[in-house]
Amino acid sequence: MVSQQPYVEYLLVDDSGSLTTRRYHVVRGSSIEQAQSAATSLRATVAALSGCSFVHQAVVYTAVEPTAGDPLPGADVWRVGTFVFDCAEPGTYAILLVPGIRDELLLPDGPWAGRAINQEHPAVVALVAALVGTFCNPFGQPIATLRAAFLQVQVGL
Amino acid sequence: MTLIYPNDAGQRGCILLPLDIALVPIIAGQLAGLRRRRAWTTESDYSQGYTALAELYICMTSTCVADLTAAVDRLYRLIDATVLGASYVVQETDPVLVIYPPIPNVPDTLAPTPDSLLGLLRALPGVLDGGWFGFGSRPATLADIVDALRATAPETTTTLFEQARDLLGQTSDVAAIGNFAAGLLDEGTDVVGDAGTALMIALLGASQTAMSQQLALRLDRLIAALDGGGAAPSDNVLTALRGSTPAGAERNVIDALINNGAGAVTPADIDRVIAELQQIRGTL
């Protein structure tokens, strides 16, 4: 993956309720803290120039694959691996989706064959290890343990 | 349009919805939109909706049903261990909990352990008719226990109560009472029982007391008939009848009083006695 130019993205709303987003690129090599600080400063400046109101601000660091490999035959973005985690605080959860889940990760037999994900598969074990302690749910709750893993089919969403 | 999370969620109870496993991916996919912020009106709605969706996803993979069945299994093992004395051990805990032995389809109710509830219950009344080597013994029934408390022995023809009744009827003497009591205490307690023994002893005591009292009353009556209940006489009936002459096989006190011992009594002697008694009749 090749790092791209990081940018700051603002979501603004006008008097009629219409929304728009605008990006402002940050110098390559800037740290996240530098980019966030720059985004905050720029927002104040833009606010003095625009009658719109700020709704949302994001600092985005992107990286791209210079030569995209071929997807596996039959890979389907709408066949989504769903992983539900317990978070650190009891009663909180995290839902993580992996599009195009590979068929070999699904259980081969039993009543859940082709529906549930094999939680003992090394790839799944590695996923859990990468998430726990590092990632969290949208509400800031750190991911703790895997509770459920199954196939989800999304159509027309 | 955005969704508002209901404010009475968690207060109405839950439904158990059967969902074919084959449909789980499709239904889960249709619910995926609820995961996004834009589906909800406020941050609070979003947070609660997100949590509810995660819990629904967990239940859709039958985890909640597994919890229910696991609880039922724990209840079965509790009953099995208590009533029959079965012993369960945790064989594995990771990755899944495995308990040995597995729960059978048909429980074995024929072999409870001695310290189980059923084993203790069966041992409580004891066994009868065990014979020399204990073969063919049978558990004692309530009827057996009642018979023992009643002090009734099948092999005897007369019950202990019937014997006690005879004693109270004063048909037995002291020797009989003593023999009965001695036999009672010598016999095996299987027949009599502690309550029966105590009752018999009490009856015997009461019977002896009653007999003693009646005997004393009779003696008092006899004495009062002889001396009128006054001061004890200085002589006795025999002296009054025979005088100082000792009794003999040829001596008849009546003859001696009527004809002064002059041979057999004649009708003339009887007439004379009657005349003398008539003379003194008015003066008595």
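What counts as what
Residues numbered from 1 in each chain as written. Chains lettered and ligands numbered in written order. Predicted model: local features only at pLDDT ≥ 70, side-chain atom pairs only at ≥ 80, totals over all residues. Heavy atoms only, no water. Contact = heavy atoms within 4.5 Å. Buried area = accessible area lost by both parts, 1.4 Å probe. Salt bridge = Lys/Arg side-chain N within 4 Å of Asp/Glu carboxyl O. Polar contact = N/O pair within 3.5 Å; in protein donor to acceptor, adjacent residues only side chain to side chain. Helix = DSSP H or I, 4+ residues; strand = E, 2+ residues; numbered from the N terminus. Nonpolar A, V, L, I, M, F, W, Y, C, P; charged D, E, K, R; others polar. Buried < 20%, exposed > 50% of the residue type's maximum accessible area, 1.4 Å probe, protein only. Arc of directions from axis to C-beta. pLDDT = per-residue confidence, 0-100. Pairing = 2+ DSSP bridges. Axes fitted to C-alpha atoms, helices over the stretch in contact; angles between N-to-C directions.

A word on the interface of chain B and chain A. On the chain A side, the residues contacting the 24 residues of chain B number 23 residues. Of the roughly 2,200 Å² buried between chain B and chain A, counting both surfaces, carbon and sulfur atoms make up 70%. At the junction of chain B and chain A, the tally comes to 0 salt bridges. The interface formed by chain B and chain A contains 5 residue pairs in polar contact (both at pLDDT 80 or more). Elements with a minimum of two residues in the side of chain B that touches chain A: helix 1 (24-30) and helix 2 (43-60) of chain B. Looking at the side of chain B that touches chain A element by element, the count peaks at 10 residues for helix 2 of chain B. Residue classes in the side of chain B that touches chain A are distributed as 15 nonpolar, 7 polar and 2 charged.

On to helix 2 (residues 122-131) of chain A. Given 3.6 residues per helical turn, the α-helix brings residues three or four places apart onto the same face. Residues and elements named next belong to chain A. For helix 2, the full list of buried residues reads Val124, Val128 and Leu131. Seen from one end, helix 2 has its buried residues packed into an arc of 70°, which puts them on one side. When the buried face of helix 2 is taken as reference, the exposed residues oriented beyond 90 degrees from it are Pro122 and Ala129. As for helix 2, its buried residues are in contact with strand 6 (79-87), strand 7 (93-99) and strand 8 (143-153).

What follows concerns the confidence of the model for chain B. A low pLDDT means the predicted coordinates there should not be read in detail. With 54% of its residues at a pLDDT of 70 or more, chain B has an overall mean of 74. For this predicted complex, the interface confidence score (ipTM) comes to 0.78, while the overall pTM stands at 0.51.

With that settled, the discussion passes to the sheet that holds strand 2 (residues 7-13) of chain A. Residues and elements named next belong to chain A. The 3 strands are arranged 3-2-4 in an open sheet whose pairing can be described as antiparallel. Of all strands in the sheet, those bounded by a partner on one side alone are strand 3 (19-25) and strand 4 (53-60). This sheet shows a mean twist of 20° between the axes of neighbouring strands, independent of strand direction. Bridging between strand 2 and strand 3 involves 7 bridges; their strand directions are antiparallel. Opposite valine 13, over in strand 3, you have leucine 19 as the bridge partner. Across the face of the sheet, helix 1 (residues 32-49) comes into contact with strand 2, strand 3 and strand 4 while running at roughly 155° to strand 4.

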